[in-house]
Amino acid sequence: MLAEDCIYTIRGHVYTGRDAIMATYVNSDRNAQKKFDRVEYESEVNPSDDGRYVIQYLDRLTHNDQVHEHRCKQILSFDETGVICRIEHVDLPGESEALESYLDRVGLTLDG
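Summarised in this report is the structure supplied together with it. (Residues numbered from 1 in each chain as written. Predicted model: local features only at pLDDT ≥ 70, side-chain atom pairs only at ≥ 80, totals over all residues. Heavy atoms only, no water.)

**Side note on the pairing of strand β2 (residues 13-16)**
Two faces belong to every sheet, and in a regular strand the side chains alternate between them.
Move 1: Note: strand β1 (residues 2-10) against β2, four bridges, orientation antiparallel. Residue pairing for β2: Ile-10 is matched across the bridge by His-13.
Move 2: Taken together, β1 and the strand that follows it, β2, pair antiparallel across an intervening segment of two residues, in which Arg-11 is found at a positive phi of about 45°. (Pairing = 2+ DSSP bridges. Helix = DSSP H or I, 4+ residues; strand = E, 2+ residues; numbered from the N terminus.)

Laid out in structure tokens, this is it:
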């Protein structure tokens, strides 16, 4: 469903192409699975009024019996053939700070 030249923007980074975009998701999951005792993902997709779709994500992270629920969203745009041509990651207010606080409490970082 990704256009060959799809663009994914996240936190100041731009990834272009299916392989590069898919690698970001795979690497992010691998990193999370290594760091946390348990990782659960939930998502909900909703159409927006402008023809795009919004995916609401919930990542439930568990480490040392402490659970944190992190939320963000991504906005999907489609080209004239109906495939995804752009993905824009949106951090929700306060979520990054809450995640950092949780990581500090459980003694983890997301680097590497």
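Read on, since the account is not over.
**Quick look at the nonpolar core**
Move 1: Formed by Leu-2, Ala-3, Cys-6, Tyr-8, Ile-10, Ile-21, Ile-55, Leu-76, Ile-84 and Ile-87, the largest nonpolar core amounts to 10 residues.
Move 2: For this core, the secondary-structure elements that each account for two or more residues are β1 and β6 (84-91).
Move 3: Among the elements that make up this core, the one with the highest residue count is β1 (five residues).
Move 4: Among residues more than four places away in sequence, those in contact with Ile-21 are Leu-2, Cys-6, Ile-7, Tyr-8, Tyr-15 and Ile-87. (Core = buried A, V, L, I, M, F, W, Y, C linked by side-chain atoms within 4.5 Å. Buried < 20%, exposed > 50% of the residue type's maximum accessible area, 1.4 Å probe, protein only. Contact = heavy atoms within 4.5 Å.)

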